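# Residue-level structural notes
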Amino acid sequence: QVQLLESGGGLVQAGGSLKLSCAASGRTFSSYAMGWFRRAPGKEREFVAGIWWRPVSTDYSDSVKGRFTISSDNAQNTVYLQMNSLKPEDTAVYYCVAKEVAVPSWESGYWGQGTQVTVSS
């Protein structure tokens, strides 16, 4: 079992920055991919960024490329999402997810409780 706890959300003005953290309960980096999704009011969940460790790789949605960076601190079992140049359309609840690498869908993974990010104009 994997438990995930997101933190770091808040209220910022457009153009500002936030750094989200996702702390995992166990050693997930070898057997899991981890990532960030977001859900804006009235919309479906949207993939934001993902990270894999065998081999090491990252992936981003087109809407956040060049602005967001996903990274990890393996010793602390934590994944981060650095968000720069935030836009009002980035406003959403952000969720951390861990997925076994052999499972094709993120929907089958373990999800955190979410952290609210609000970007004002």
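Residues numbered from 1 in each chain as written. Predicted model: local features only at pLDDT ≥ 70, side-chain atom pairs only at ≥ 80, totals over all residues. Heavy atoms only, no water.

## Observations regarding the sheet that holds strand S3 (residues 18–24)
How we decide: Only strands that DSSP links by at least two bridges are regarded as paired with each other. The way it works is that DSSP assigns letters per residue, a run of H or I at least four long becomes a helix, a run of E at least two long becomes a strand, and they are numbered from the N terminus. Axis definition: a line fitted to C-alpha atoms, limited for helices to the stretch in contact. Angles are taken between N-to-C directions and run from 0 to 180 degrees.
On the basis of which strands lie adjacent, the open sheet formed by four strands has the order S1-S3-S8-S7 and antiparallel pairing. Each having just a single partner strand, strand S1 (4–7) and strand S7 (68–73) make up the two edges of the open sheet. Ignoring strand direction, the axes of neighbouring strands in this sheet form an average angle of 15°. Note that S7 and strand S8 (residues 78–83) share six bridges and pair antiparallel. Looking across to S8, one finds that Phe68 is bridged to Met83.

## Overview of the packing of aromatic side chains
Remark: the centre distance and the inter-plane angle together describe each pair of aromatic rings, the angle taken between the planes. Operational definition: Two rings belonging to Phe, Tyr or Trp (six-membered ring only in the last case) form a pair when the distance between their centres is within 6.5 Å. Interplanar angles under 30 degrees mark stacking, angles over 60 mark edge-to-face geometry, and anything in between is tilted. The buried label goes to any residue with under 20% of its type's maximum accessible area, the exposed label to any with over 50%, and the partly exposed label to all in between, with areas taken from a 1.4 Å probe on protein chains only.
The final tally for this structure, using the stated rule, is seven aromatic pairs. Centroid distance Phe37 to Trp111: 5.1 Å. Interplanar angle 65°. Geometry classified as edge-to-face. Remark: Trp111 occurs in strand S10 (residues 110–111) and Phe37 occurs in strand S4 (residues 32–39); sequence separation between them is 74 residues. Judged by its relative accessible area of 7%, Phe37 is buried. Of the residues examined, Trp111 reaches a relative accessible area of 25% and is grouped as partly exposed.

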